[in-house]
Amino acid sequence: MARAARAFFFLALLAALIFIYTPVVSWESVTPSVDLFLALWVLLGFWAFMRRQVFLGALFLGLSLGTKGVLVFLPMAAMLPILAKWKSKDLLAVVGIAGLFFTPYLLRNFFLTGNPVFPFFPQFLGAGGMDPQVSANIQQQILAKEISLIGFFKSFWNMSLFPQKYGPDIGGLYLIFIPIGIIIFLRSKKSQIIRLTATFCLIFYALWYLLAVATSRYLLPVFPFLAILTAITALYLIKLARITRFLTITILVLSIPMSFLTYFWTFEPYGPKIKAALGIYGRQEYILRLLPYAADFFWVNDNLPADAKLILYFSSWQRPFYLDRPFIVAGNLQREIDFSRPELLSDKRWFINQLKSHAVTHIYSSVPVLDQVNEELIYQGSFGNIYRIIYWNGGW
């Protein structure tokens, strides 16, 4: 019993280290993105369903569905191999419980856009301020993507070895051990678990490939499973023979510094990370080195009153993560009004009254949004300016 406990501990520890030292995981862990939460809920849901824990599995599945909208159907589809042989009453319980946790996401979408499953099916359900035809054209481009068996496998190869195209890479560790592990354990006593895990990962990856979501971080939910399979394979090879022990340990040891090197060198500037790790750069200086546009948000944090509220007109690659004031993003997620195109409004007074009704006090934009009598330039930045809104006659 003690030996089995130690073996399980080392297996869990090795799998955790492999997962942590995956470059895309290292990168994601220092960002405000939600992909790691999605990976956690998917892993826990898979574990619960494998143990026939209906309530827990449905709870975690519901949390995963409501965590990241662009991937909403992937966890659900990937769980199908496990749920396929369940009784109808259990499946209904899963749908009902998961639906309770998924409902707030649907209500949010409906409130913002009028379409509960936005950005899907805009031509039928609408897309808020976005032209439904524009969104439909984007989906058509995805459907028109050239699909091939070679491309299916080549995409994973590219993410492993050529991260410049896909963002933070995943390293070569999975490419080495996963094929070996599948061959070794496919006929073992644990073949059902291995088969279900491999099927889950394959379905998730296939959907990622078919939907043309060309970024490795959207694959994060499969990496905990890949890390476990890699750890099982590595420990098996360590015990198999002297030569396999030497090769496996060598690869595992070298993978740690290589993970850091590929993470530092291939995705983001190398120098600022090292200087931040050594304490040469503080938090704000480090952020400004990587995200120069954040200087405008830091100015807002330091100079505008705490009750200030902004409407943001910025590019899609900018993120308001470091803005410490309430804000409205002037994008297409507005059902009643498209704040991104105020110049098209025939009634400027109505638009300004809308801003006032939402307690907006300032505008962040690279160009003036309102007439000169309704806004005052108080800060001019490299990526955007801050304008104070002037309301006249109670609503103007």
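Coordinates for the structure precede this section.
Residues numbered from 1 in each chain as written. Predicted model: local features only at pLDDT ≥ 70, side-chain atom pairs only at ≥ 80, totals over all residues. Heavy atoms only, no water.

S.K.: Tell me what's going on with the overall build of the chain, and back it up with residues and numbers.
M.R.: Regarding its fold elements, the chain presents 19 helices and five strands. Taking all 396 residues of the chain together, 42% fall into the buried category. Counted over contacts in the chain with a minimum sequence separation of 6, partners at least 24 positions apart contribute 59%. Approximately 21,900 Å² of the chain is accessible, and the part contributed by carbon and sulfur atoms is 66%. (Helix = DSSP H or I, 4+ residues; strand = E, 2+ residues; numbered from the N terminus. Buried < 20%, exposed > 50% of the residue type's maximum accessible area, 1.4 Å probe, protein only. Contact = heavy atoms within 4.5 Å. Areas by Shrake-Rupley, 256 points an atom, 1.4 Å probe, with all protein chains shown as cover.)

S.K.: Please set out the packing of helix α3 (residues 35-50) against helix α4 (residues 54-65) residue by residue, giving values where relevant.
M.R.: For any two helices packed against each other, one specifies the inter-axial angle together with the distance between the axes. Following both chains from N to C, one finds α3 and α4 inclined at 160°, their axes separated by 8 Å at the closest point. It follows that α3 is roughly antiparallel to α4 by the angle criterion. Handedness of the crossing formed by α3 with α4: left-handed. Contacts between α3 and α4 involve L38, W41, V42, L44, G45, W47, A48 and F49 on the former and, on the latter, V54, L56, G57, A58, F60, L61, L63 and S64. Its residues assigned to classes, the contact of α3 with α4 comprises 13 nonpolar, three polar and no charged. (Axes fitted to C-alpha atoms, helices over the stretch in contact; angles between N-to-C directions. Parallel < 35°, antiparallel > 145°, perpendicular 65-115°, else oblique. Left-handed = near helix turned anticlockwise from the far one by under 90°. Nonpolar A, V, L, I, M, F, W, Y, C, P; charged D, E, K, R; others polar.)

S.K.: So what's going on with the side chain of R325? Which residues, and what values?
M.R.: Looking at the secondary structure, you find R325 in the loop between β1 (310-312) and β2 (327-329). Buried charge without a partner: R325 forms no salt bridge, and the closest opposite charge is D324, 5.5 Å away. Among the polar contacts listed, one links the side chain of R325 to the backbone oxygen of N301, at a separation of 3.0 Å. In this view, R325 contacts V300, N301, L304, P305, A306, A308 and L310; residues no more than four positions away in its chain are not counted. (Lys, Arg positive; Asp, Glu negative; His and termini not counted. Salt bridge = Lys/Arg side-chain N within 4 Å of Asp/Glu carboxyl O. Polar contact = N/O pair within 3.5 Å; in protein donor to acceptor, adjacent residues only side chain to side chain.)

S.K.: Lay out the nonpolar core with the relevant residues and their values.
M.R.: Nonpolar side chains in soluble globular proteins generally cluster together in the buried interior. In terms of nonpolar packing, the biggest core is built from 57 residues, with M79, F200 and F223 touching the most fellow members. Ranked by residues supplied to this core, first place goes to helix α13 (residues 191-210) with nine residues. Excluding anything up to four places from it in sequence, M79 contacts V42, G45, F46, F49, L61 and F200. In terms of nonpolar packing, the next biggest core, distinct from the first, is built from 13 residues, I328, A330, L370 and I389 among them. (Core = buried A, V, L, I, M, F, W, Y, C linked by side-chain atoms within 4.5 Å.)

S.K.: Break down the pairing of strand β5 (residues 385-389) for me, with residues and values.
M.R.: Where burial is concerned, most of β5 is hidden: four out of the five residues are buried. Pairing between strand β3 (residues 362-365) and β5: four bridges, direction antiparallel. Bridge pairing in β5 links S365 to N385. Pairing between strand β4 (residues 375-380) and β5: five bridges, direction antiparallel. Considered in β5, the bridge of L377 is made with Y387. (Pairing = 2+ DSSP bridges.)

S.K.: Explain a nonpolar patch on the surface to me, and be specific about the residues and the numbers.
M.R.: Side chains of F9, F10, L13 and L17 sit close together on the surface and give an oily, nonpolar patch of about 390 Å² of accessible area. F10 gets classed as partly exposed once you look at its relative accessible area, which sits at 48%. (Patch = residues over 30% accessible without salt bridge, like charges linked within 9 Å, V, L, I, M, F, W, Y side chains within 5 Å.)

S.K.: Can you explain the sheet that holds β5? Please cite residues and give values.
M.R.: A sheet is described by the order of its strands in space; here five strands give the open sequence β2-β1-β3-β5-β4, paired in mixed fashion. With one partner strand each, in any of the chains shown, β2 and β4 form the two edges of the open sheet. Across the sheet, the mean angle separating the axes of adjacent strands is 25° when strand polarity is ignored. Judged from the three bridges that link them, β1 and β3 form a sheet pairing that is parallel. Residue L310 lies in a different strand from β3, and its bridge partner there is H362. Docked against the sheet, helix α18 (residues 294-303) engages β1, β3, β4 and β5, running at close to 115° with respect to β4.

S.K.: Tell me about the environment of I378, and name the residues and values.
M.R.: Assignment of secondary structure puts I378 in strand β4. Residue I378 is classed as partly exposed on the basis of its relative accessible area of 32%.

S.K.: Tell me about the packing of aromatic side chains, and please be specific about residues and values.
M.R.: One pass over the full model with this rule turns up 14 aromatic pairs. Arranged with centres 6.1 Å apart and planes meeting at 15°, the rings of W41 and F60 form a pair that is stacked. Note that W41 is positioned in helix α3 and F60 in helix α4, a separation of 19 residues in sequence. On the accessibility criterion, F60 (13% relative accessible area) is buried. One aromatic cluster is present, built from ring pairs that chain together F46, F200, F204 and F225. Over the ring of Y391 we find K356; its NZ or CZ atom is 5.8 Å from the centre of that ring. (Phe/Tyr/Trp six-rings, centres within 6.5 Å; stacked < 30°, edge-to-face > 60°. Lys NZ or Arg CZ within 6 Å of the ring centre and 35° of its normal.)

S.K.: Please provide a residue-by-residue account of the side chain of T244, values included.
M.R.: Locating T244 in the fold gives a position in helix α15 (residues 242-266). A residue is classified by how much of its surface remains accessible, and T244, at 19% relative accessible area, is buried. At 2.9 Å, the side chain of T244 forms a polar contact with the backbone oxygen of A241.

S.K.: With reference to specific residues and values, describe α3.
M.R.: The end-to-end C-alpha separation of α3 is 23 Å, in line with the 22 Å expected for 16 residues at 1.5 Å each. Of all the residues in α3, the buried ones are D35, L38, A39, V42, G45, F46, A48 and F49. Directly beyond the C-terminal end of α3, a positive phi value near 60° is found at R52. (Expected span 1.5 Å × (residues − 1).)

S.K.: Describe unusual backbone geometry, with residues and values.
M.R.: Across residues other than glycine, the phi torsion is negative in most instances, and most of the peptide bonds are trans. The phi torsion at R52 lies on the positive side, around 60°, for a residue other than glycine. With respect to the helices and strands, the residue R52 is situated in the loop between α3 and α4. Among the residues examined, R52 registers a relative accessible area of 44% and is labelled partly exposed. Although it is not a glycine, A359 adopts a positive phi angle of roughly 60°. Here A359 is to be found in the loop between α19 (348-357) and β3. Taking the relative accessible area as the measure of exposure, A359 reaches 45% and is therefore partly exposed.

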